[in-house]
Amino acid sequence: MTARTNLIVVVGFALACSGLVLMGHMEPQASWASLLAIWNDVIRDADDFGLQLTTVPDRDEVALGDSLASKIDQQWPNDADASRYVSEVAAALTPHVERRSLPWHFHVVRWPQANAFALPGGQIYLTEQMLSFTHSEAELAFVLAHEIAHVDRRHCIRRYQYEVEMNRIGLGTAGGAADLARIPMEIGYSKYQEMDADAEAARITADAGYDPHAGVSLMLRLAAGEKALRKAGDTPGGEAGDATVEALRDYLASHPASAERAAAVREQLAAAQRRLAGGTYASGEENLKRRIPVARRRFPR
Amino acid sequence: MTFLLIVLLAAFVLWTNSQLRALRRRLDEIESTFSGDFARSPGSSAAALSASAVDEPAEARARPEEPTVRELTPAVESLPDANPARLSGLREGLAWLRRAASDTDWESIVGANWLNKLGVLVLVIGIALFLGYSLTRIGAMGRVGVGLVASLAMLAGGQILDGRDRYRIFGRGLLGGGWAALYFTAYAAHGLAAARVIESPFVASALLLAVAAGMIVHSLRYRSEVATALAYFVAFFALDISEVTGFAPVAAVPLAASMVVLARRLRWEFIAVAGLIATYATYLIAPAPPPELRSLLYGQALLSVYWLMFEAIDLDRARTRGEKASIADGMFPLNAIAFLGISMFQWGQYSAHAVDAILTCSAVAYFAGAFLRAMLARRSEASAKLTVRSFAAGYYASVTIAAVLSVAVLCRRLGGSRLELALLIEGEMLTLAGFVFEESYLRSLGASVFVVPMLLLFDDAIGSSEKIAIAGISLRDWTPVGSLAVALFYLNRALSPRRSTLYGYGASALAAVLLMANLPDYLLGLGWIAFAALLFELGAATDSIEFRLQAYVIGTAGGGFLLIGHAAGLFGSPDPRPELTLALAGLLLWGAVVQLRLGTRLACGESIAVSMLASAFAAAVVATLIWYAAPGPLVAVGWMLLGLALIESGFLTDWAALRAEGYAVLALACGRLFLANLTIGGETIGISHRLLTVTPVIAALYYLYDRLGRTASLERWERAVRRASLWTGALLIVILMRFELGRVMAVDGWAGLMLVLLIIGRRRNDLDLRVQSYLAAILCFARSWSSNFYIPGSFGGREARLITGAIVIGVLYACVFVAPRQSETAPAPSRLERWELRIESYAREALPIIATLLLALLLYYEVSGTMLTVAWAVAGGVIIAAGFPLRERYLRLSGLALLAVCIFKVFAYDLSQLQALPRILSFIVLGALLLGVSLAYTRLRGRLDRYL
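Figured I'd write up the structure that's included with this text. (Residues numbered from 1 in each chain as written. Chains lettered and ligands numbered in written order. Predicted model: local features only at pLDDT ≥ 70, side-chain atom pairs only at ≥ 80, totals over all residues. Heavy atoms only, no water.)

## Some points on the overall build of chain B
Test applied: Only DSSP runs of H or I reaching four residues or more are called helices, and only runs of E reaching two or more are called strands; each is numbered from the N terminus. Contact between two residues is taken to exist if any of their heavy atoms lie within 4.5 Å; hydrogens are not considered. Per-residue accessibility takes into account occlusion by the displayed protein chains alone, with areas from the Shrake-Rupley method and a 1.4 Å probe.
Along its length, chain B carries 35 helices and four strands. Pairs at least 24 apart in sequence give 68% of the contacts found in chain B among residues at least 6 apart. Just so you have it, chain B exposes about 44400 Å², and 67% of that area is on carbon and sulfur atoms.

## Topic: the overall build of chain A
We apply this condition: We call a residue buried when its accessible area falls under 20% of the maximum for its residue type, exposed when it is over 50%, and partly exposed in between, using a 1.4 Å probe and counting protein chains only.
Counting its regular elements, chain A contains 14 helices and four strands. Looking at chain A residue by residue over its 301 residues, the buried ones come to 49%. The contacts in chain A between residues at least 6 apart in sequence include a share of 74% that link residues at least 24 apart. A total accessible area of about 14400 Å² is found for chain A, and carbon and sulfur atoms account for 58% of it.

## Things to note about unusual backbone geometry
Residue and element names in this part refer to chain B. Backbone geometry places Asp-543, a non-glycine residue, at a positive phi of 55°. A residue is classified by how much of its surface remains accessible, and Asp-543, at 60% relative accessible area, is exposed. Of note in this structure, Asp-654 is not a glycine but carries a positive phi near 55°. Following the sequence through the fold, Asp-654 ends up in the loop between helix H24 (635–652) and helix H25 (656–676).

## Focus: the interface of chain B and chain A
Under the convention used in this document: Values labelled buried area give the accessible surface lost by two parts on being combined, using a 1.4 Å probe and summing over both. Each reported salt bridge corresponds to a side-chain nitrogen of Lys or Arg within 4 Å of a carboxyl oxygen of Asp or Glu. N or O atoms closer than or at 3.5 Å make up a polar contact, with two conditions inside protein: a donor-capable atom paired with an acceptor-capable one, and, for residues adjacent in sequence, both atoms drawn from side chains.
Counting from both sides, the interface comprises 56 residues of chain B and, opposite them, 60 residues of chain A. Taken together, the two surfaces of chain B and chain A that pack against each other cover about 4700 Å², and 65% of this comes from carbon and sulfur. Where chain B touches chain A, the interface holds three salt bridges. Here A:Asp45 makes a salt bridge to B:Arg783, at a shortest N to O gap of 2.8 Å. On the surface where chain B and chain A come into contact, there are seven residue pairs in polar contact (both at pLDDT 80 or more). Looking at the side of chain B that touches chain A, the elements that each hand over two or more residues are helix H21 (545–568), helix H23 (604–629), H24, H25, strand E3 (681–684), helix H26 (689–710), helix H27 (716–741) and helix H29 (767–788) of chain B.

## Regarding the pairing of strand E2 (residues 473–476) of chain B
Residue and element names in this part refer to chain B. Using the following cut-off: Pairing between two strands is assigned when DSSP locates at least 2 bridges connecting them.
For strand E1 (residues 467–470) and E2, the ladder comprises four bridges, and the chain directions are antiparallel. In the strand pairing of E2, Ile-468 is matched with Leu-475. Here E1 hands over to E2 after two residues, with Ala-471 in that stretch at a positive phi of 55°.

## Quick look at the packing of aromatic side chains
Defined as follows: The criterion for an aromatic pair is that two Phe, Tyr or Trp rings (for Trp, the six-membered ring) have centres within 6.5 Å, with stacked assigned to planes under 30 degrees apart, edge-to-face to planes over 60 apart and tilted to the rest. As a reminder, the over-ring test applies to NZ of lysine and CZ of arginine, requiring each to be within 6 Å of the ring centre and within 35 degrees of the ring normal.
The tally for this structure, following the rule as stated, stands at 19 aromatic pairs over all chains. With 6.0 Å between their ring centres and 85° between their planes, B:Phe332 and B:Tyr366 make a pair best called edge-to-face. With B:Phe332 in helix H12 (residues 331–347) and B:Tyr366 in helix H13 (residues 352–376), the pair connects residues that are 34 residues apart, well separated along the chain. In this structure, B:Phe332 and B:Tyr366 share a single accessibility class: buried. Taking the centre distance of 5.1 Å and the plane angle of 85° together, the rings of B:Trp627 and B:Tyr628 count as edge-to-face. The same class applies to B:Trp627 and to B:Tyr628, which are both buried. Clustering of aromatic rings is evident, with ring pairs tying together A:Trp76, A:Trp111, A:Phe117 and A:Tyr125. Sitting above the plane of the B:Phe651 ring, B:Arg659 keeps its charged end 4.8 Å from the centroid. The lysine or arginine in question, B:Arg738, covers the ring of B:Phe739, its NZ or CZ lying 4.8 Å from the ring centre.

## Some words on the nonpolar core
Residue and element names in this part refer to chain B. Which entries qualify depends on this criterion: To form a nonpolar core, buried Ala, Val, Leu, Ile, Met, Phe, Trp, Tyr and Cys residues must be joined to one another through side-chain atoms within 4.5 Å.
Core analysis: the largest hydrophobic core is formed by 119 residues, its most contacted members being Trp-639, Met-640, Leu-732, Met-754, Leu-812 and Leu-847. Residues within four places of Leu-732 in sequence aside, it is in contact with Cys-670, Leu-673, Phe-674, Val-697, Ile-698 and Leu-701. If you look at the next biggest cluster of nonpolar residues, it comprises 66 residues, including Ala-186, Tyr-187, Ala-256 and Leu-266.

## Side note on the environment of A:Ala178
Residue and element names in this part refer to chain A. Note that Ala-178 resides in helix H9 (residues 172–207). Owing to a relative accessible area of 30%, Ala-178 belongs among the partly exposed residues under this scheme. Between the C-alpha atom of Ala-178 and that of Tyr-162, which follows or precedes it by 16 residues, the distance is 6.5 Å.

## Some thoughts on the sheet that holds strand E4 (residues 123–127) of chain A
Note: strands within a sheet are paired through backbone hydrogen bonds, in either parallel or antiparallel orientation. All names here are of chain A. What counts is decided by this rule: Structural elements are reduced to axes, namely lines fitted to C-alpha atoms, with helices fitted over the stretch in contact, and the angle between N-to-C directions of any two is expressed from 0 to 180 degrees.
Reading across from one edge, E2-E4-E3 is the order of the three strands in this open sheet, with mixed pairing throughout. At either margin of the open sheet sits one strand with a lone partner, and together these are strand E2 (105–109) and strand E3 (116–119). Pairwise comparison of adjacent strand axes, ignoring direction, gives a mean angle of 20° for this sheet. Pairing of E2 with E4, which is carried by five bridges, proceeds in the parallel orientation. In the sheet register, Val-108 faces E4, and the bridge partner there is Leu-126. Relative to E3, helix H6 (residues 137–152) is tilted by about 30°, and along the sheet it contacts E2, E3 and E4.

What follows is the structure, given as structure tokens:
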């Protein structure tokens, strides 16, 4: 082909693509999210390379988790009844994870904020406020599955991994320093760990027979309390400037925006529509109210 | 008091007499010395010297003495029989003579000259005091009579002594003092109450005039500037110390007038300057006039008379002066400083209107003076010194003062636009006068006057927000005056005989400021560009670099402002139609580019440089226009099309700079993808908008790579561009796959890309493509190793992970057979290419190793811990088995390495950790495989060399 023919092809292709774009529903957005994502990919790959080579055995991880949990239990009182109910709900979830052999423990603690977190070795914590924030057992299951996924994907142990591994050869301090040095790197991609955990939570809840869409409704309620700060620039420079500010804010944030998380989960569920079709998924509003797990009794809607 | 004065005078006379005797004695000694030494020399110089020294008065002697002695020395040395001893004595005598003569000179000057004048001064002061003193025994008539007698006595004495050569100086001092005393006596006869014998002011004035006339007449007779000056000073001093001073400034008028006439008549320049100082000093020193005369008009009228007198004599000098500088050159500045200084000093007490009127009159007077000076000045002044042209006989200073005064009046009387208008008119009149009379100074003065309204306009521009409506258009209130200034400046630029660029630059700068003041921010850039286009046309039509340079500066500023404003949003009010503004600006700039490229009127270098600048601005403006006009996701595509258009235009016109702009715009489009395309949502018929907008840019990059490859002779930088476009295209594909397929699934896309790049690279024998393939392999390995066997949230479950991993591993093994065993590219000269060759040399060995590593890792995750050794051993065996027929040594080596790991594992882990059955199975399978491999190596030993 001649150069002129190639040019016509390229220009025609560009015009055709542009026409298609104009025909569809556009969602314009200006942000440096792509650069952040690429940067986080690079950092994460580099970080993971070392972490894959120094995987902590389960027994060491469990020991570390028990040690950390004992300290937390001393600080925050445990709600035994609530913990029991939550453990029963979680018992339906843990068979669907990779690390099934871990001794999973679930605690409901009295703390003034709605929050949930996980420790290495299968220690999962939920505050009473978070329990109150959920509207159904399926939502509770999503929260629990999210924290379980953090442990299952070794997100929790990574923060102590070098210290634990170096302790074997008497260089625990150096390992601790390496873990500290990792923290700034992990800041960038910790959001992606959250997204990964959400994705896993959706799968686990679905596999356990809970409505996987419950996670979306939970995220949307959380998003209602967050202010939308992003705005579109009205000039080329303003657009780039706003995008830079947003990128910095996103980079430093530990969690992605709840709306973004909800959209990602919804997108994932849409992609898995065929696989989910035909299954029966419990919501469990009444179960949550009565603190009776779905596994024991199903209430009519 | 008088007695005391007389005693002092007598003592002074006696002392003077004794000094004169001593002088006489010394002169006798000199005479005798020289008479003895040079008696034999007829007509000797010494004799002549003696006679001369005795006969001449001291003052007259002082001058010829030195040359006479100098003349004497060669005369002595030329004596034929002069013996050395006598000559030595003669020289000593001459040295003594010099010392003696010098001492005598000093004494004679002080004694005969200075003391004479001081005495006269003191005496006249005494008479003045006497006349004003209220003695009970002597009435007014008596005082006047005493003063008159003393005056006449001094005059008579002076007249008698003036006739004798020896006492001439002394006599002249007495004459001067006598006249001054007589003058003051005449004044006192009316002006002093204690001595008032004349009641009629008219008679008194007549008497004063008569005395003044007497002075003049007498001065004309003696022609002694020093004596007359002394007399005048005595008179002025007497006026100044008088207790009755209401009339002192008035009385100074005829006195000064008489001095002016004397100076004029006898060309006594010193006396003119001294008279000026004394007259104004009298005005200042004299006590305040009586209350009924304390008015601005009275004081200013007197000052005006003074000024007029001295201005008149200075004007007269303008007509007759020579080239040589003299003390009288300072008359003009002194007169101006004194007149204006004293006037301003007393203006503070009076109303502003009166002051303005006087300022106006002064300005008119100085303009008139300047006109007269210009008329009287000789043509030769053009080459005279600046000081001469300015002050003595020149009109520069006069017209400058007039201009300054008129500016001051205008500033006091007017304000706002009227003031600016008036100042513009004044400046223009001066400038036009400069053109008409071909006087550069007037033009410069006009330009200086223009500075004032320019500063005022500048102040308006930054400080005033007042607006006026003209023909329904709202404009800043100073716009009409500013426009007039622009017109006047361009007119002056046109009239200027040497095409002065100052007015041209000033006019254009002011016009630019006018545009800035009246146009909204968002239109200013366009306005400046349009104005620059006009200037450019003017500059091109008149072949004037001046206007073209202005056009370039203003156009650059306009383009920069337009771009920065629209790109960064710095405008106070946002542009309601940015597309229209930018489109017009782009058209103007492209028009300029076309004209510059097609026209041949300009120098080649200028044409190229400016067209490059204009086209760069045009490209930037159009790119900004695209940003405004196109939807966000399509901006990058629009920029890409613009870049291609510029590149193709650059090829068509063989203009590398245009191609460079195209490359830059294309690079901008690539950057834009990261901001607004790679993470956007939206889709059409199931195709994401990300894909629809990024792929055209990638296609353009590959087109560029191909297009540049077809060009026969590329510069080095364009070869680098070609290579960069290839690498950028590949990079964008990798990144597009990352976002299109997701972080974890992207690895499959990269694997496919790796294979495609390698195949095309081999077919086209393109090292860059092959190296891109190897780098993609590294990327696949890194991503698979770190996270790809952890596919989160995969509803596809383990199968998806297996498929993903298998694809990557399979492609990696496939690439082993596609990669060249040895590089097919000839050794390249560049360092980068040498590095690429080095990478390729390791590719064939590295690919099977990383594929086997990934396979081992995948098995590690997918196979349960009990069967891992078995799985690895089988995989190793298969790899080795495949390595023989495929003749891939590193494939076999990687299989052997995997078997080695298995051997280590069965002893280090399986033996202690696994249960019995899996442990046994691991050992058996591994052992069997090892045997099989060993057998294969044994059987194929002979052919192994062929497989290597």
